[in-house]
Amino acid sequence: MKKLVRVAILVCVSMLLFSLVSGCGANKTPQDANADQEGKLKIGIVQIVEHPSLNTIRESFVNELAEKGYQDGDNIIIDYQNAQGDQTNLKTICQKFVNNQYDLIVAIATPSAQAAVGETKDIPVLFSACTDPLEAGLVRNMEKPGGNVTGTSDAVSAEKIMELAQRITPNIKTIGALYNSSETNSISVINNLKEYAKNNGLTVVEATVTNSSEVQQAATSLTSKVDTIFSPIDNTIASAMPVVSQVANKAKIPVYVGADSMVKDGGLATYGINYPVLGQETAHMAVEILKGKNPGDMAVKTMTDIDIYINTATAQAIGITIPDDILKEAAQTFGN
């Protein structure tokens, strides 16, 4: 009888141990999950706001990294965070990346880059779509940035865009400048616009905003004062571009902008950069950094792929005929 009891006890113990071992294998603890991620490079991507140009950069960046052998979930971990246009969110996101000791921070747009640079002097920061990195205080020199920072610039020439504007709408005398006065990248381009205007006997009337809720009123205030509206690659205006287009179309005012996505969203035309290429170039720089190159020794890359983008639906809405030679030159037309 005693022997049977001992056997029964041994069987129960064995079954219990088997159950515990099997359970551990089937249900991983958080520590087990973290262990699975060991050895993978961690990349934090921070974006100031959702809008097509910035999204295109991010998507192109991630796809190009994969082409170069850096696949999310395979040998790298990509943590994408969007600040929804909130500076406090930007700071919190960048602090998280730093506290978790990420291997690389990719900051899309100038406010994102400024937030990232403000949180770390050690982790490499790679910016993208920063119009004027010098004016924004991100780098000391475009050829040799110094520190832990470098990236790609989406600088466009207000002069080139206005030359295009004069070809499409040649009777422009007064230009309305619509932009966020707190965005360094916008101020730089508007200064370029003012210089062009001064050299060509034109007048610039400014309407500035601090957030997207002010865009409609600012755009409306310009329509009775100007012949055309110009907006640079401004994150706030870009996110509210359909509103600007609606106001301007009603007043039959052409809107010239700094980015192809802003044309797609209703702007009349731009002479702008190719954002998929910008994302790819940013990825190429990221690969070099992940392989050990010091960002401070890598020159900031300014894009040279500049193309004409036209919105033919907007042209029709405001009663403007786009010259055939410009349509032939355009890399892309929207609204067909």
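Check the entry above for the structure.
Note that the coordinates shown come from a computational prediction; the quantities given were computed from them, not determined experimentally. (Residues numbered from 1 in each chain as written. Predicted model: local features only at pLDDT ≥ 70, side-chain atom pairs only at ≥ 80, totals over all residues. Heavy atoms only, no water.)

S.K.: Please clarify how the overall build of the protein should be interpreted in this entry.
M.R.: What the protein contains, in helices and strands, is 14 helices and 13 strands. In the protein, of all internal contacts separated by at least 6 residues, the share reaching a separation of at least 24 is 71%. With an accessible surface of roughly 15,900 Å², the protein has 49% of that area assigned to carbon and sulfur atoms. (Helix = DSSP H or I, 4+ residues; strand = E, 2+ residues; numbered from the N terminus. Contact = heavy atoms within 4.5 Å. Areas by Shrake-Rupley, 256 points an atom, 1.4 Å probe, with all protein chains shown as cover.)

S.K.: In this structure, what is going on with the nonpolar core? I would like to understand it.
M.R.: A general feature of soluble globular proteins is that nonpolar side chains tend to end up buried together. The biggest cluster of nonpolar side chains holds 105 residues, and the ones touching the most others in it are Ile43, Leu65, Ile168, Leu178, Phe230, Tyr256 and Leu268. Ranked by residues supplied to this core, first place goes to helix H12 (residues 275-290) with nine residues. (Core = buried A, V, L, I, M, F, W, Y, C linked by side-chain atoms within 4.5 Å. Buried < 20%, exposed > 50% of the residue type's maximum accessible area, 1.4 Å probe, protein only.)

S.K.: Can you help me understand the pattern of salt bridges in this one?
M.R.: Opposite charge on two side chains permits pairing when their charged atoms draw close. Applying the stated criterion to the full structure yields seven salt bridges. The partner of aspartate 297 in a salt bridge is lysine 144, with the nearest N and O atoms 2.8 Å apart. Taken together, the residues aspartate 297 in the loop between H12 and strand S11 (301-302) and lysine 144 in the loop between strand S4 (125-128) and strand S5 (149-153) connect sequence positions 153 residues apart. Judged by its relative accessible area of 42%, aspartate 297 is partly exposed. (Salt bridge = Lys/Arg side-chain N within 4 Å of Asp/Glu carboxyl O.)

S.K.: Can you walk me through the packing of helix H6 (residues 158-168) against helix H7 (residues 184-199) in this structure?
M.R.: The interhelical angle for the contact between H6 and H7, taken along N-to-C directions, is 55°, at an axis separation of 8 Å. By the angle class used here, H6 and H7 are oblique. Where H6 abuts H7, its residues Ala158, Glu159, Met162, Glu163 and Gln166 lie against Val189, Asn192, Leu193 and Tyr196. Across the contact of H6 with H7, the residue classes break down as five nonpolar, two polar and two charged. (Axes fitted to C-alpha atoms, helices over the stretch in contact; angles between N-to-C directions. Parallel < 35°, antiparallel > 145°, perpendicular 65-115°, else oblique. Nonpolar A, V, L, I, M, F, W, Y, C, P; charged D, E, K, R; others polar.)

S.K.: Got a minute to help me understand helix H3 (residues 52-67) in this structure?
M.R.: Given 3.6 residues per turn, any residue in an α-helix points the same way as the ones three and four places further on. If you check H3, its first and last C-alpha atoms are 22 Å apart, about what 16 residues at 1.5 Å a residue would give, namely 22 Å. Every buried residue belonging to H3 is among Ser53, Leu54, Asn55, Ile57, Arg58, Ser60, Phe61, Glu64 and Leu65, and all of these are buried. One or two residues past the end of H3 sits glycine 69, with phi positive at roughly 100°. (Expected span 1.5 Å × (residues − 1).)

S.K.: Sorry if this is basic, but what is going on with the pairing of strand S8 (residues 228-231) here?
M.R.: Across a regular strand the side chains alternate sides, sitting on one face of the sheet and then on the other. Judged by which residues are buried, S8 turns out to be covered on both faces: Thr228 and Phe230 on one side and Ile229 and Ser231 on the other are all buried. Two elements, strand S6 (residues 174-180) and S8, share three bridges in a ladder whose sense is parallel. Directly across from alanine 177, in S8, lies its bridge partner phenylalanine 230. In this structure, S8 lies alongside strand S9 (residues 255-257), joined through three bridges in parallel fashion. The residue bridging serine 231 from the neighbouring strand is valine 257, located in S9. (Pairing = 2+ DSSP bridges.)

S.K.: Is there a simple way to explain the sheet that holds strand S1 (residues 41-47) in this structure?
M.R.: Sheet strands pair via backbone hydrogen bonds, and the direction of the pair is either parallel or antiparallel. Pairing is parallel across the open sheet formed by six strands, whose spatial order is S2-S1-S3-S4-S5-S11. Every interior strand has two partners, whereas the edge strands, strand S2 (76-82) and S11, have only one. Direction of pairing for S4 relative to S5: parallel, over a ladder of three bridges. Following the sheet pairing, valine 125 is matched in S5 by valine 149. Each of S1, strand S3 (104-108), S4, S5 and S11 touches H12; the most contacted strand, S5, lies at about 160° to it.

S.K.: When you look at the packing of aromatic side chains in this model, what are you seeing that I'm missing?
M.R.: Pairs of aromatic rings are described using the distance from one ring centre to the other and the angle between the two planes. Summed over the entire model, instances satisfying the criterion amount to one aromatic pair. Considering the side-chain rings of phenylalanine 97 and tyrosine 102, the 5.0 Å spacing of their centres and the 25° angle between planes classify their relative orientation as stacked. Here the basic side chain of arginine 58 rests over the ring of tyrosine 80, its NZ or CZ set 4.0 Å away from the ring centre. (Phe/Tyr/Trp six-rings, centres within 6.5 Å; stacked < 30°, edge-to-face > 60°. Lys NZ or Arg CZ within 6 Å of the ring centre and 35° of its normal.)

S.K.: Could you clarify how one ought to interpret unusual backbone geometry in this entry?
M.R.: Both trends apply: most residues other than glycine have a negative phi, and most peptide bonds are in trans. Phi is positive for glutamine 84, which is not a glycine, with a value near 55°. In this fold, glutamine 84 is placed in the loop between S2 and helix H4 (87-99). Overall, the relative accessible area of 56% leaves glutamine 84 in the exposed class. For lysine 252, which is not glycine, the phi torsion reads 60° and is therefore positive. Tracing the backbone shows lysine 252 in the loop between helix H10 (241-251) and S9.

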